[in-house]
Amino acid sequence: MGLRENAAAAAGRTLDDNESASVEVREAPNLTEPDLGDLSKDAESASAVIAWSRVMGEVRSIGKNERFDGGRAGRFNFRGIETALNAFGPACRKHGVLVIQHKVETEYRDISTSSGGRMRECTALVTFRIYGPDGSFFDSQAAGEASDSGGRSTPKAQSIALRTLLINNGLVPTEDRDADAAQFERAESPVRPAASYLDEICNPHTSAGRLRQIHHELGTTRQLGALVTNEVGEEEQIGAMVVRIGKERAAGGAE
């Protein structure tokens, strides 16, 4: 006896054949996002904070549809700047929100890749000013970092900062790491051989101050004990050679 038959017996009645064979069908529950109503209501008088909250109400999620395949660097899905703009652009226009790049602070350095290439790295701290329809605004900062060999590290870093601002300030959920579509491995800085300092050490125009710096560089790379051929053709530890010539230069008035 099934559950329906047991329930009918407990109620003091029996099920006929047709009723026993019937199956009750119910629609699946509605799992779509709830209707938030007209989010653009009173848009012209909304403040920047209110308007941005309405943008957040429009942008509930952004799919990680872009695929990075970097070999040894790994494979993963990520959200690029175009994906973020495609999601936030229509919502911002609908609610009269402007996201303006207000101030950019940049730092640069040259780096090497494991393949021997040279790249320019840019770190950008960008202050964005977010305006509402009523003219009010608030500022928000985001940082971006990018490297490029063709002079595009600055715009790439600013694009990453904008993407970070939109996703973080929009509270868009994310679990995986985010990255550019280009990866590289940094190489260790090459160590200058001890013998390459000889010409500079022996040059009479090299000051005692520069010799002290050379001694420090050799000590940092643990090459003070390296044997080299000195100015008179004899083998000498380069550290001792620098000290000897440095004393001679200092005694002669060189600085």
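The structure displayed is predicted, hence computed values, not measured ones. (Residues numbered from 1 in each chain as written. Predicted model: local features only at pLDDT ≥ 70, side-chain atom pairs only at ≥ 80, totals over all residues. Heavy atoms only, no water.)

Visitor: Whenever I open this one, the pairing of strand S4 (residues 118–131) confuses me. Can you help?
Guide: The side chains of a regular strand alternate, first on one face of the sheet and then on the other. Bridge analysis of strand S3 (residues 98–112) against S4 gives 14 bridges, and the strand direction is antiparallel. Across the sheet, the residue bridging to Ile100 is Arg129, located in S4. In this structure, the hairpin formed by S3 and S4 is closed by a connection of five residues, where Gly116 is found at a positive phi of approximately 95°. Here S4 pairs with strand S5 (residues 137–148) via 12 bridges, running antiparallel. Each residue of the ladder has a partner; that of Glu121, found in S5, is Ser147. Taking the residues between adjacent antiparallel strands as the criterion, S4 and S5 are bridged by five residues, where Gly135 takes a positive phi near 95°. (Pairing = 2+ DSSP bridges. Helix = DSSP H or I, 4+ residues; strand = E, 2+ residues; numbered from the N terminus.)

Visitor: Explanation requested: the pattern of salt bridges in the structure shown.
Guide: Under the criterion given, the structure shown has 12 salt bridges. Measuring nitrogen to oxygen at the nearest pair gives 3.4 Å for the salt bridge that ties Arg152 to Asp148. Residue Asp148 is classed as buried on the basis of its relative accessible area, which comes to 8%. The salt bridge involving Arg244 is made with Glu231; its shortest N-O contact spans 2.8 Å. (Salt bridge = Lys/Arg side-chain N within 4 Å of Asp/Glu carboxyl O. Buried < 20%, exposed > 50% of the residue type's maximum accessible area, 1.4 Å probe, protein only.)

Visitor: What is the right way to look at the environment of Arg109 in this model?
Guide: Looking at the element boundaries, Arg109 is found in strand S3. Placed 11 residues apart in sequence, Arg109 and Arg120 show a C-alpha to C-alpha distance of 6.0 Å. Side-chain polar atoms of Arg109 contact the side chain of Glu121, separated by 2.7 Å. (Polar contact = N/O pair within 3.5 Å; in protein donor to acceptor, adjacent residues only side chain to side chain.)

Visitor: Even after reading the chapter, I still don't get the confidence of the model for the chain, so can you show me in this structure?
Guide: Caution applies to low-pLDDT parts of the model: their predicted coordinates are not meant to be read in detail. Model confidence for the chain is summarised by a mean pLDDT of 79, while 72% of its residues fall at 70 or above. Counting contacts from residues 20–34, a segment whose pLDDT is below 50, to residues more than four positions away or on other chains yields five contacts. The low-confidence segment residues 175–181, where pLDDT is below 50, has 21 contacts with residues more than four positions distant or belonging to other chains. (pLDDT = per-residue confidence, 0-100. Contact = heavy atoms within 4.5 Å.)

Visitor: Would you take a moment to explain unusual backbone geometry for this structure?
Guide: Negative phi values dominate among residues other than glycine, just as trans dominates among peptide bonds. In this structure, Leu171 is a non-glycine residue whose phi angle is positive, near 55°. Positionally, Leu171 belongs in the loop between helix H5 (153–169) and helix H6 (198–202). The backbone of Arg222 sits at a positive phi, close to 60°, despite the residue not being glycine. Among the secondary structure elements, Arg222 is positioned in the loop between helix H7 (208–220) and strand S6 (227–229). The class for Arg222 is exposed, based on a relative accessible area of 79%.

Visitor: Hey, could you run me through the sheet that holds S4 in this one?
Guide: What holds strands together in a sheet is hydrogen bonding between their backbones, with the strands either parallel or antiparallel. Read across the sheet, three strands follow the order S3-S4-S5 without closing on themselves; strand pairing throughout is antiparallel. Edge positions in the sheet fall to S3 and S5, since each of these pairs with one other strand and no more. Neighbour-to-neighbour, the strand axes of this sheet turn through a mean angle of 15°, independent of strand direction. Where helix H3 (residues 48–58) meets the sheet, its contacts fall on S3, S4 and S5, and the angle it forms with S5 comes to roughly 55°. (Axes fitted to C-alpha atoms, helices over the stretch in contact; angles between N-to-C directions.)

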